[in-house]
Every structure is written in C-alpha cells, then in structure tokens.
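# A look at the structure
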Amino acid sequence: MTDLVIGSGPSGVSVAMALLNRGRQVLMLDPGGRLEAPAQDRRDKLAASDPDTWSVDDQKKWQAPQFDTPPGQVRRFGSDFAMVPGADTLVSPERIGLRASHAVGGLSNLWGSAVLPNRAEDIADWPIGIDDLAPHYRAVAEFLPVSGQQDALQTLFPALSMQDRVPLTPSPQAQQLLQRLEHQKTSLSELGAHAGLTRLAVDPGCQYCGQCLHGCPWGYIYSAQKTFDDLRHHSAFQYRTGLARRFEEHADHVAVTLDNGETLQATRVFVAAGVLETARLFLASSPDPTTGLQLQDSQHFFLPSLHRWLAPRRPDQRPYHTLPQIFIELDDPEISPHLVHAQIYTWNEFFAHDLINSYSSKLPRSAPLWRRLARRLIVAQAFLHSAHSAWINLTLAADGRLVPTVKSNDETATVMEQATSRLAQVMKLAGLIPLRFARRPGDVGSSFHVGGSVPMAKAPSAGQSDILGRPKGLSRVHLVDASSLPSIPATTITFSVMANAHRIGTLTP
Ligand SMILES: Cc1cc2nc3c(=O)[nH]c(=O)nc-3n(C[C@H](O)[C@H](O)[C@H](O)COP(=O)(O)OP(=O)(O)OC[C@H]3O[C@@H](n4cnc5c(N)ncnc54)[C@H](O)[C@@H]3O)c2cc1C
C-alpha cells in the first residue's frame, strides 16, 4: 500500500517531495482542475512573442476578464479554473473572503508569491520551534524559487539565507522609497520598523511584462503545478483525479471515499486540500456530526499614499512587475508582541481602474485625472497576527457545505489603528502623503492567510493535532496544510505551510 496525499497545492507537493525522498510510494489525488484549452492557447500565444511587440489591444484582451470578476472571486489567465465559487463550499459566503481550489496546484495558481520564513519569536508558543522548521525551509527552497537579497530584513528572518539569491528589479518608485528609508535609518529604527526588498517566489527569468495580476504568460510566478509536473517523472509517484469526501481510519490502513462512491485504501493519508476543503473532509469524517472547527485569520488592510517626489519614469511602462516591491516589518511591543507585516505595491492596473470606478461618476470627464493620480499612488497592504484577528467558526450543513460564522476579535480595531498610525509615520519618512481616510480593511478570510483549525500541540486534546498534524484519536491521518498551524503569524503563510508539510513528510513513521 502507498501513502495518499490529498491535494496538489503547495502543501501537497511539499509533503510528497519529502515522502518520495525517503523512498516511499506516493499516490496524489486532486479534482484535476486545469486552465481550459482556449485560455491556454491565448496564454501560449502571448508567451510566444516579445512583450514589446504586444499591441495595446492584446494586453487589454488579456486583462479584461480580471476586471470583471464576481465579488470574492480571484481570476487569472481569464479563467476561474483555480478558484471554486464561494457558494459551492460555503452556505452564505458573503462576509467571508476565503475560497477553496479544485485545481492542480491549488490556490498557488493565483497567489501573490510573497514568501518569508517565520520569525522565531512569533512562533515561541508553538510546540515546534524555528530550528525544527529551518532545514525544511531550505529543502523547500530547492524547488521553490525565492528571489530577493541580503538586506536589513535578514536579522529578523535568519531561517532562510538570502546569500546568492537573485533579486527582482524593483520599480523606480520602489527604488526611491528604499533609498529614502535607508537615509532615514535611525528614525526608521526609532519607529520599530525594518524595510527591505520583497522575497518573491518568482523565477529570475521574469520578463517584466507587467501582467502579474492577470496571469504570467510564461509561468515565472511559482505555481505548485510546476513541482507536480516534476513529481510525475518520479517512478514511485502516481496520480489520479477525484474529490475526497471522507476518510475512516482502521488498524492498518485508512479508507478514503470519493464523491463518486469509490474507496481508496492507503497506509497513511496526508490531507493537503486547503483549509476549507480539509475542514469539510475532517467534519464529514468525524464520529460526532455536531463538531465544529474554528479557523484563525490574519486580518489585513490597505493603506494608500501619494508620493510627493518625482519618479525617474512612469510605473506602468515596461520593464515592470506588479507584485509587492518592498516588505516593511513593524516590531513594537506597544502595537503587538508579534510582527505586523506590510507589503508595498507601487503600481498595478487596478489602481487606475478602482479610482475611476469610485470617483469618475461624481466628476464627469475626470478619468484622465484619476489615471495620472494613480501613477503617484503607493499602496501598503498590512497583515496582523491571528492573535489580533477574527475567527471563522465552521460547521457542516446537511448538504455537505460549510456554515461559516465570523467571531470578531475585540483587539482588531485597536491594533489596526496603531499599525496604521505607525505605517503612516514610516510612509512620511519616505516622502509620502498617507491617505488615512482611504484605509480599507479586507473582509475576514480575504488575506488567504488562514488556518489553525486543528492546531498542533505537544499534548493534544480534542480538536487539536500532534506535532505530526495527526488529529487527536487518529494515528494514520496527518493534516499537512495550514489547518495544523498553531497560529497564523502576519509574515506570509505559504512558505511556512510548505516547510511544515515537508517536516511532517520527513518525520512520519
Ligand atoms: C489571491 C491570492 C493571493 C495570495 N498571496 C499569497 C502570498 O503572497 N503569500 C502567501 O504566503 N500566500 C498567499 N496566498 C495563499 C496561498 O495561495 C495558500 O496559502 C496556498 O495555496 C495554500 O496551499 P495548500 O496546498 O495548503 O492549499 P491549496 O493551494 O488550496 O491547494 C489545495 C489542493 O487540494 C485539492 N483539493 C481540494 N479539495 C479536495 C478534495 N476534496 N479532494 C481532493 N483534492 C482536493 C486542490 O485541487 C488543490 O490541489 C494567496 C492566495 C490567494 C488566493
């Protein structure tokens, strides 16, 4: 019998990689969603030519579907293949930003690719420490490209060396910002702030074509689909499509029932279905149908600013990328005992689009003005630790979907306000005018930095898992996605999910 890995997203490929490296047989299961043929053709056509030869019309057609998504839906490549519509998974998805994926590669087909390891202090209350994760960050970074450079952020995140890594070229606006912050080093450190270039899971071959939020035609932004394609060449790896509905553990195996009624048997099962689908599977397999789970969120907000200085060139002309350019970490116990993590964006096509949509109807013929203003916009997206964020309670409805209920956290408003003030001070140091009135908090779950529903504990009680992600009472079923994280630090989630999945795959008996 083999090990069964449910899911081919970042956590699934990471656990599979570790199991295969130990000489084990792996069967991977996922529902098999892939970019549809016509969209793939459009993508291939763009990728076959130099971005400098693309017409304005080519680009407009490539971008248009992304401006036209239903609320809560994230689309790339003009397709919804990577995100399940909210109502398919959740009864009343309106107030929840989180969604599931049924695609090969999961949500990493859509992600922003920001990657940081955890800071040791932020996981001091976990049953495993940074030394347990560090070798697995390194192992994952063998197949996950991590762009970036050695800079002021390194002392906070020594778990992954940035020596010899290739940085993406930041936009001229980001270069100005970094230079200005460098000149204000002392004031920056008095504010408890650390700034540096982003760490992104992007291949250094990037063409700087600026289509990051519409789908990279060449696939330079990492998707777990890439690692999945590599795994398929391994002789001990097998793959099949199917949707897991529930599992049942027996003395010497686990039986997994698929939605077509078929049953698969495996020595061990590694559940990497993403936190919503894993919750569904876990609750449907629980002997007590009234059981519920509580997801921990890392809430986020957007703070726009305008730059007063002149930039050497426009932010929307090649070469450019529209992923986050700079990370700012706020480290001040008066705001939080944990880091507040901010990502700085200096341009994407939604800047102008959103300004025109929001304001041009109030001021006729003002679109050119908003377009010009958008080019001066700098947007910070800041994330809070789960200790200051809301929870999403989940129970199973009779129709198999999840019933979500948001439980707000009394600390969120205060910590967000303090983090906003501090970020605004940092922005001012860099010559920006922060637009605090325009601050916008994201819906609960919409950061997609969510997990901790069956948190790992040294001595797990009901509703918790052991340090190999095994829920209390089970010995052959491991939850290896974010479900088993004890908490959600603010500093990006996926790299740590991958390292933890790799750790579990390495240590499992
Ligand atoms: C727009 C967006 C931006 C993001 N940006 C970032 C970022 O910059 N940095 C960061 O750290 N994180 C980011 N994230 C979050 C990141 O994408 C997720 O943390 C990551 O994809 C989780 O990986 P996973 O393998 O645990 O789950 P998923 O990626 O959700 O993969 C789940 C897998 O399980 C399969 N599956 C689902 N249900 C079943 C089932 N019932 N049976 C069998 N297989 C099943 C799916 O097909 C898929 O293969 C972002 C997410 C989004 C949507």
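Residues numbered from 1 in each chain as written. Predicted model: local features only at pLDDT ≥ 70, side-chain atom pairs only at ≥ 80, totals over all residues. Heavy atoms only, no water.

Let us look at the overall build of the chain. When its secondary structure is counted, the chain shows 13 helices and 19 strands. Computed over C-alpha atoms, the radius of gyration of the chain comes to 22 Å, within 12% of the 23 Å expected from 2.2 N^0.38 for 509 residues, which places it in the range of a compact globule. For the chain, the proportion of its 509 residues judged to be buried stands at 59%. Summarising the internal contacts of the chain: among those between residues at least 6 apart in sequence, 73% fall at separations of at least 24. (Helix = DSSP H or I, 4+ residues; strand = E, 2+ residues; numbered from the N terminus. Rg over C-alpha atoms; globule rule 2.2 N^0.38 Å. Buried < 20%, exposed > 50% of the residue type's maximum accessible area, 1.4 Å probe, protein only. Contact = heavy atoms within 4.5 Å.)

As a further point, take empty space enclosed by the protein. Inspection of every chain in the model, using the stated rule, returns 3 cavities of 30 Å³ or more. Reported here for the largest cavity is a volume of approximately 110 Å³. Taken together, 16 residues make up the lining of the largest cavity; nearest its centre are Cys206, Tyr208, Cys209, Cys212 and Cys216. Counted by class, the lining of the largest cavity contains 12 nonpolar, 4 polar and no charged residues. (1 Å grid on protein atoms, 1.4 Å probe; cavity = no way out; pocket = protein on both sides within 12 Å on 5 of 7 lines; lining within 4 Å. Points joined across faces, edges and corners; volume = space filled by probe spheres on them. Nonpolar A, V, L, I, M, F, W, Y, C, P; charged D, E, K, R; others polar.)

Taken together, the 3 strands give an open sheet; going across it, the order is E5-E6-E7, and neighbouring strands pair in antiparallel fashion. The open sheet has two free edges, formed respectively by strand E5 (244-249) and strand E7 (263-266), since each of these has just one partner strand. Averaged over all pairs of adjacent strands, the angle between strand axes in this sheet comes to 25°, irrespective of strand direction. Direction of pairing for E5 relative to strand E6 (residues 254-258): antiparallel, over a ladder of 5 bridges. In the sheet register, Arg246 faces E6, and the bridge partner there is Thr257. (Pairing = 2+ DSSP bridges. Axes fitted to C-alpha atoms, helices over the stretch in contact; angles between N-to-C directions.)

So, on to helix H12 (residues 412-429). Given a rise of 1.5 Å per residue, 18 residues ought to cover 26 Å, and the 26 Å separating the end C-alpha atoms of H12 matches this to within 8%. Buried within H12 we find Thr412, Val415, Met416, Ala419, Thr420, Arg422, Leu423, Ala424, Val426, Met427 and Leu429. (Expected span 1.5 Å × (residues − 1).)

Another aspect to go through is helix H2 (residues 37-47). Among the residues of H2, those classed as buried are Ala39, Arg43 and Leu46. An end-on view of H2 places all buried positions within 60° of arc, on one side of the element. Exposed residues lying more than 90 degrees from the buried face of H2 are Ala37, Pro38 and Lys45. Check the buried side of H2 and you find it contacts helix H3 (56-63). (Arc of directions from axis to C-beta.)

All right, on to the packing of aromatic side chains then. For the structure shown, the criterion picks out 9 aromatic pairs. A ring pair is formed by Tyr137 and Phe495, whose centres lie 4.8 Å apart and whose planes are at 50°; its orientation type is tilted. Of this pair, Tyr137 sits in helix H5 (residues 130-140) while Phe495 sits in helix H13 (residues 494-507), placing them 358 residues apart in sequence. Pair check on accessibility: Tyr137 and Phe495 agree, each one buried. The interplanar angle of 80° and the centroid separation of 4.7 Å between the aromatic rings of Phe228 and Tyr239 together place this pair among those described as edge-to-face. Separated by 11 residues along the polypeptide, Phe228 in helix H8 (residues 224-231) and Tyr239 in strand E4 (residues 237-241) bring together distant segments of the chain. Its relative accessible area of 0% is what places Phe228 among the buried residues. A network of ring pairs unites the aromatic residues Trp54, Trp218 and Tyr220 as a single cluster. A cation sits over an aromatic face here: Lys407 above Trp391, 4.5 Å from the ring centre. The ring of Phe301 has Arg439 sitting right over it, with the charged end atom 5.5 Å from the ring centre. (Phe/Tyr/Trp six-rings, centres within 6.5 Å; stacked < 30°, edge-to-face > 60°. Lys NZ or Arg CZ within 6 Å of the ring centre and 35° of its normal.)

There is about 600 Å³ of room inside the second largest pocket. Lining the second largest pocket are 18 residues, and of these Lys60, Gln63, Asp316, Trp347 and Glu349 sit closest to its centre. Mapped onto the lining of the second largest pocket, the elements with two or more residues apiece are H3 and helix H10 (349-359). For the lining of the second largest pocket, the residue count by class is 8 nonpolar, 3 polar and 7 charged.

Let us now look at the site of the ligand. Close to the ligand lie 34 residues; Ser11, Ala103, Leu107, Ala244 and Thr494 are nearest. Measuring from an oxygen atom of the ligand, one finds a backbone N or O atom of Ser8 at 2.9 Å. Elements represented by at least two residues in the shell around the ligand include exactly helix H1 (10-21) and strand E2 (26-30). The residue inventory of the shell around the ligand, partitioned by class, reads 16 nonpolar, 15 polar and 3 charged. (Near = heavy atom within 4 Å. Polar contact = N/O pair within 3.5 Å; in protein donor to acceptor, adjacent residues only side chain to side chain.)

A separate point is the pattern of salt bridges. Evaluation of the coordinates by the stated rule reveals 18 salt bridges. Residue Asp3 is joined to Arg24 by a salt bridge in which the shortest nitrogen-to-oxygen separation is 2.7 Å. Note that Asp3 is positioned in strand E1 (residues 3-6) and Arg24 in the loop between H1 and E2, a separation of 21 residues in sequence. Exposure remark for Asp3: the relative accessible area of 4% places this residue in the buried category. Given a relative accessible area of 17%, Arg24 falls into the buried group. One connected set of salt bridges, linked through shared partners, spans Arg119, Glu121, Asp122 and Asp331. (Salt bridge = Lys/Arg side-chain N within 4 Å of Asp/Glu carboxyl O.)

By themselves these figures say nothing about function.
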